[in-house]
Amino acid sequence: MDFIERELSDIRVNCEKQLTNSKIITCNATIVRVDLLPDKPNRSMTVCLRFPEDYPQSSSILVELKSRAYSDKLLAELTRLMDEHAKEHLGKPQALLVLRFALQYLSDYPLCVCLDEIKQLRMDLKSREISEDVGSQLKLRQRTSCVELIARGGQYLYRVTAFVPDDYPNQCVELRGQESNLPNVLVRYLNGQSREIARQCVEPPLRLNKDELANFRPVHSLYRTLKFCLEATRDFHLELCPICDNPVLQAKPETAVLDDRDDAFVERVYCGHLFHQGCLKLYLSEPPFPKGGKLCPAKRRHPRSDAQTYMGKGASAASTSTGSSSNKLDNGVCGIKLAHDRWVVNIKTAEARWAQKQARQRELEEVVDFLQ
């Protein structure tokens, strides 16, 4: 029995015993094919091994990796590492060594299933640090399969940890440990909207026909979710109130207005724009009162008006909102119906209140004239 036959016999006997998360598919002198992590379809990998003519004295075993779960970049890098590991053991059996190496790598680095997303997030962070000196950070926790994002905008920050489950991407990331010095209304928005983006990545919309439902496939949620948190936190301190054209947030977090009765309290409306509460109340209470309701006067559409923006879809749904008009859109304003759950007032009520306010004002002016 020659060297390769002895090694093949050793693989048949010991592979699945020593490497508990492996399964032999083919084992002969032409090719050895082994599945790693076969019980986890979203983490599994197939390793194909071939023996060159001068194996193992002067050539190492040939490695080819196949997987639907991992990116081509990861497969290429892991193949290179396995080749280097095999070359360190020339003259010895190498098949079980490289299989053990690959299995250990997948076990030690569970976040490699989202390698491309992590690289893209790091590129986004790097480009913003160069251009804006934001100082946001991305930290990897391989042991717990978590990615921690610390997003900064001015002196404000938002910290969130995304847990990547074993069934990723069929199961979306789980967001934990949110911390922030932003006003509560914005923290609630970040928490809720980021979870909604993650959910939409894996759950089909309710109104789909049978064909659309059959063709629905989950998509990766890590990048979409953390990108939203990063960009929203970065932009909050730059946003201007569409009414007074002043920053909605105080420059320093410790001076932020927390009293929801204060005119400087920050409110977010459904189209995504931020307003000072006093400015918004004044705008909604003064004429004109159009039949379809008042439209947002902001000079542009908000990039985060809904979660679909981060699902690779445009905000086309927003452009068909009730009350929007082509003229206003052409003029470069938001043009979406202005709505907020704290101020749901119909046109007749708004007109009546305005009339009462004007009547009181006239009465006061008459009293002043009389006294003078």
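I will try to describe carefully the structure that is included in this document. (Residues numbered from 1 in each chain as written. Predicted model: local features only at pLDDT ≥ 70, side-chain atom pairs only at ≥ 80, totals over all residues. Heavy atoms only, no water.)

1. Comments concerning helix H8 (residues 277-285)
Test applied: The buried label applies to any residue whose accessible area, calculated with a 1.4 Å probe on protein chains only, is under 20% of its type's maximum; exposed applies above 50%, and partly exposed to all values in between. Runs of H or I in DSSP of at least four residues are treated as helices and runs of E of at least two as strands, each being numbered from the N terminus. Contact criterion: two residues are considered in contact whenever any of their non-hydrogen atoms come within 4.5 Å of each other.
Those residues of H8 lying buried are Gln-277, Gly-278, Cys-279 and Leu-280. Packed against the buried residues of H8 are strand E9 (266-268) and strand E10 (274-276).

2. Let's talk about the sheet that holds strand E8 (residues 174-180)
So the rule is basically this: In this scheme, strands are said to pair when DSSP sees at least two bridges between them. Helix axes use the C-alpha atoms of the stretch in contact, all axes being lines fitted to C-alpha atoms, and the angles between their N-to-C directions lie in the range 0 to 180 degrees.
Spatial ordering of the open sheet is given by E5-E6-E7-E8, a layout of four strands whose pairing is antiparallel. Two strands lie at the open edges of the sheet, namely strand E5 (137-141) and E8, each paired on one side alone. Neighbour to neighbour, the strand axes of the sheet diverge by 15 degrees on average, direction disregarded. In the sheet, E5 pairs with strand E6 (residues 146-153) via five bridges, with the strands oriented antiparallel. When the sheet's bridge partners are listed, Lys-139 is paired in E6 with Glu-148.

3. Some remarks on the pattern of salt bridges
The condition that has to hold: We count a salt bridge whenever a side-chain nitrogen from Lys or Arg sits within 4 Å of a carboxyl oxygen from Asp or Glu.
Using the criterion set out here, one finds 12 salt bridges in the structure. A salt bridge links Arg-50 to Glu-64; its shortest N-O distance comes to 3.1 Å. Linking Arg-50 in strand E3 (residues 45-50) with Glu-64 in strand E4 (residues 62-66), this pair joins segments that are 14 residues apart in sequence. The exposure class assigned to Arg-50 is partly exposed, which follows from its relative accessible area of 35%. What makes Glu-64 partly exposed here is its relative accessible area of 33%. Two residues, Asp-259 and Arg-261, come together in a salt bridge whose shortest N-O distance is 3.2 Å.

4. Thoughts on the packing of helix H5 (residues 184-202) against helix H7 (residues 222-236)
Note the threshold: Put simply, angles under 35 degrees are roughly parallel, angles over 145 are roughly antiparallel, angles from 65 to 115 are roughly perpendicular, and the rest are oblique. What makes a crossing left-handed is the near helix being turned counterclockwise from the far one by less than a right angle; a clockwise turn instead makes it right-handed.
The geometry of H5 relative to H7 is characterised by a closest axis approach of 9 Å and an angle of 155 degrees between their N-to-C directions. On the basis of their axis angle, the class for H5 and H7 is roughly antiparallel. As H5 runs across H7, the sense of the crossing is right-handed. When H5 is examined against H7, the residues Leu-186, Tyr-189, Leu-190, Gln-193, Ser-194, Ile-197, Ala-198 and Cys-201 are found in contact with a partner set consisting of Arg-224, Thr-225, Phe-228, Cys-229, Ala-232, Thr-233 and Phe-236.

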